[in-house]
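A closer look at the structure
Now for the letters of each chain:
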Amino acid sequence: MSSQEKFYTSFSIPANLNENANAVIRSKQLNITINAVDDMTVYEKSIITVLNKEGNSSLDAYVHYDNNVKIKTLEVQVFNQLGALIKKIKKNDFIDVSAVDGGTLYSDSRVKYLEYTPISYPYTVEFICEINTKNTAFIESFTPVNDYFLSVENSSYTIIFPSDITVRTKEKNLEGLDLTKEKSQNKIRYTIKNVEAFKPEAYSPAFIDIIPRILVATNNFYYEGVYANVDDWESMGKWFYDNLLVGRSHVSEGTKNNILKLVEGINDPIEKAKIVYKYIQDNTRYISVQVGIGGMQPISASEVDLVKYGDCKGLTNYTKALLEVVGVKSNYTRLYASPNEQISVDKNFVSFGGQTNHVILNIPVENQEDIWLECTSQKLPFGFIGDFTDDRDVLVITPEGGKIQHTKKYATEESSQFINGTYAISNDGLIEAKVTVNSKGIQYDNKYWLETETERDLDTHYKKRWNYVNGVSINTMKINNDKLNNEFVEDIDFLAPNYSKIVGNRMLLTLNALNRNTNIPDRYRDRKLPLKIKRGFKDVDEVEIKLPSDFTIESQPDNVSIENKFGSYKAEIIVKDDSTLLYKREWIINDGEYPKEDYEAYRDFFKEVNKQDNAKIALIKNQQ
């Protein structure tokens, strides 16, 4: 069997690459040839063995194209586990669809993708694709592993370029890997072998921050008819502003007059911005177009003004244009958006694409924190960005040039939840509870969407929230989304039979009925990744408890106070009178990064909080 042929049979996969893998990249070549500053060819040949159904998503057998990207070769061959060829798929057999749903403004952006239903597992796919483009701004990075449960047997990356073009690289997370590299005047080549599959672990850094990766960019490039020569973020931002943003802020006279009328008599620029933002939310809709698809240049404000929809680029530029009308300065901002992950633009490595996938708007405010606007959301309050874009380095594009800034970080104290409640226990153990929950910061972000849920869905939501209380019946649900103060307030009444346990003449009552921690982080016998607590929070509860009339307190748990590097936990019981208790609880988790060895202690903290949240008071029946 030749060295190439062995990649087509699943039996030749090294044992360590099968471990934790749903698919194995047997061999991959990515060859990029920059023929000239305005002429680039990209050739990819990959052989991937899919081990099970979950591995199908690792094929990545697709190609985006538009008026500037010409597909020269596109084909697939499928092999069974023995390495026998079972199917050939040519370019015309690929599914060809618009890359964008719901918007004719991006009609020339298309994608061809493989649709293949395997007969059995494992099977192997050879994918060959070659494209040519005049746009040389996007240089794909070398990312041999792009998903969990995916291992790599062999992967190579080659870039060839003329002597008048400068190619820069930045290597990340390559320690301890079987890596070779060759560099000459006109060629850079990396080869990596035997990379075992990454398995996800809770409370770990973002995947993109742990995988081996080599960023690649050129100082000279061509994009959409314009040449560039940039070597830092300032010059990149200046080029972007001058060539892709200037002249795209025109809106109709009707819209201009309408906006000016809305802000008539208002001098405060922030108040003007709030009115413009509300206008955007009320009068436009968002359609999803990946940054890089449909071009990096935003659709002009006049087009968005006409059709009332756009992607993140178009809606952000439109908002910027309307703010210009009312005299408020704002800056188009590119960043990497990801829910729950704070992925930063690399401040020390400038590149046109690959480091960003989203656009938001920056409003500079003198002597205060800048304001960040998510222009695609019809629900988010003014100036609130949430976990999709918070706490990360971003590229702010100004008329003077680009600059790296950091978006809003929601501090632990800001991401608070305050519970004020009462509950009464009947003689037969029924609980009747009334609770007000006030949430801010990232805890607001977790809840504001409830405002638009149906009553039935809300009922389901609250029963799930208190799923440790059996037989919950929700009596009233009142929610208030205070967008002015970025607070979400919930007023809930519920009851449940048999909340407390009666044994003979005693009743056991779990004190924490309204905010019990049920989350214990997963256990790892051999944890591989560092511990990262991405966002902190603070919970403060104060609950008055009415005890059943036929019972008195026999014993109660001690007050608790725990402090460690991860945060703190306090629980206190105050006896107000013979039939009334006050239960006070405060739990704080701080964000931070720690070595993997600290994970077990962090898990133990959660286990202890869980234990204390289940602490019980013993009541004894009064003698008749």
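Conventions adopted
Residues numbered from 1 in each chain as written. Predicted model: local features only at pLDDT ≥ 70, side-chain atom pairs only at ≥ 80, totals over all residues. Heavy atoms only, no water. Helix = DSSP H or I, 4+ residues; strand = E, 2+ residues; numbered from the N terminus. Contact = heavy atoms within 4.5 Å. Buried < 20%, exposed > 50% of the residue type's maximum accessible area, 1.4 Å probe, protein only. Pairing = 2+ DSSP bridges. 1 Å grid on protein atoms, 1.4 Å probe; cavity = no way out; pocket = protein on both sides within 12 Å on 5 of 7 lines; lining within 4 Å. Points joined across faces, edges and corners; volume = space filled by probe spheres on them. Phe/Tyr/Trp six-rings, centres within 6.5 Å; stacked < 30°, edge-to-face > 60°. Core = buried A, V, L, I, M, F, W, Y, C linked by side-chain atoms within 4.5 Å. Salt bridge = Lys/Arg side-chain N within 4 Å of Asp/Glu carboxyl O. Axes fitted to C-alpha atoms, helices over the stretch in contact; angles between N-to-C directions. Polar contact = N/O pair within 3.5 Å; in protein donor to acceptor, adjacent residues only side chain to side chain. Arc of directions from axis to C-beta.

This next bit is on the environment of I573. With respect to the element layout, I573 can be found in strand β33 (residues 567–577). Taking the C-alpha atoms as reference points, I573 and L511, 62 residues apart in sequence, are found 9.0 Å from one another. When near neighbours in sequence (up to four residues on either side) are disregarded, I573 contacts L511, Q556, P557, N559, L581, L582 and Y583.

Here the focus is the pairing of strand β18 (residues 331–335). When you tally the buried positions in β18, you get five out of five residues, the bulk of the element. By the alternation rule, side chains of β18 split into N331, T333 and L335 and Y332 and R334, which are all buried.

Where burial is concerned, most of strand β19 (residues 358–363) is hidden: six out of the six residues are buried. Side chains H358, I360 and N362 of β19 all project onto a buried face; the interleaved residues V359, L361 and I363 project onto the opposite face, where all are buried too. Inspection of the sheet shows β18 paired to β19 by five bridges, in the antiparallel sense. Bridge assignment links Y332 to a residue of β19, and that residue is L361. For β19 and strand β20 (residues 371–373), the ladder comprises three bridges, and the chain directions are antiparallel. Of the residues in β20, the one forming a bridge with L361 is L373.

Bringing unusual backbone geometry into the picture now. In this structure, P122 follows Y121 across a cis peptide bond, with omega equal to -5°. Within the element layout of this structure, P122 appears in the loop between β7 (110–113) and β8 (123–133). Here E224, not a glycine, exhibits a phi torsion of approximately 50°, which is positive. The phi dihedral of D391 is positive, around 50°, even though this residue is not glycine. Tracing the backbone through its elements, the reader meets D391 in the loop between β20 and β21 (393–398). By relative accessible area, D391 is classed as buried at 16%.

Considered as a void within the structure, the second largest pocket measures approximately 1200 Å³ in volume. What lines the second largest pocket is a set of 35 residues, and nearest its centre among them are Q443, N446, N519, F537 and W587. Elements that contribute at least two residues to the lining of the second largest pocket include exactly β23 (416–425), α7 (441–445), α8 (455–465), β29 (531–533), β30 (537–546), β34 (580–589) and α9 (599–613).

A word on the packing of aromatic side chains. A complete count under the given rule lists 32 aromatic pairs for this structure. Taking the centre distance of 5.2 Å and the plane angle of 75° together, the rings of F221 and W239 count as edge-to-face. Taken together, the residues span a long stretch of sequence, with F221 in strand β14 (residues 220–223) and W239 in helix α2 (residues 233–245) at a distance of 18 residues. Residues F537 and W587 carry aromatic rings whose centres are separated by 5.2 Å and whose planes lie at 85° to one another, so their mutual orientation is edge-to-face. You can see F537 sitting in strand β30 and its partner W587 sitting in strand β34, a full 50 residues away along the chain.

Y423, I545 and Y569 are the most contacted members of the largest nonpolar core, which has 87 residues in total. Beyond its immediate chain neighbours, meaning those up to four positions away, I545 contacts Y423, L509, L511, S579, T580, L581 and Y583. Grouped together as the second largest cluster of nonpolar side chains are 50 residues, I34, Y65, F142 and F161 included.

We now examine the pattern of salt bridges. Tallied over the entire structure, the rule returns 39 salt bridges. Between D598 and K565 there is a salt bridge, and its shortest N-O distance comes to 3.0 Å. In this pair, D598 is assigned in the loop between β35 (592–594) and α9 and K565 in the loop between β32 (560–564) and β33, connecting sequence segments 33 residues apart. Since its relative accessible area comes to 15%, D598 is described here as buried. Overall, the relative accessible area of 48% leaves K565 in the partly exposed class.

Spatially, the eight strands line up as an open sheet ordered β25-β26-β24-β23-β30-β34-β33-β32, and their pairing is mixed. Two strands lie at the open edges of the sheet, namely β25 (473–482) and β32, each paired on one side alone. Within the sheet, the average angular offset between the axes of one strand and its neighbour, ignoring direction, is 10°. Relative to strand β26 (residues 487–496), strand β24 (residues 431–439) runs antiparallel, the two sharing nine bridges. Opposite E432, over in β26, you have L495 as the bridge partner. Strands in contact with α8 are β24, β25 and β26; relative to β25, the strand with the most contacts, it is inclined by about 105°. Along the sheet, α9 contacts β32, β33 and β34; its crossing angle with β34, the most-contacted strand, is approximately 170°.

Glancing now at the side chain of R603. With respect to the element layout, R603 can be found in helix α9. Overall, R603 belongs to the buried group, its relative accessible area being 12%. A distance of 2.7 Å separates a polar side-chain atom of R603 from the backbone oxygen of P521. In contact with R603, other than residues within four places in its own chain, are I520, P521, D522 and R523.

All of the buried residues along α8 are L458, D459 and Y462. One face of α8 carries all of its buried residues, which in axial projection span an arc of 100°. The exposed set on the far side of α8, more than 90 degrees from its buried face, consists of R456 and K464. Contacts made by the buried residues of α8 are with β25 and β26.

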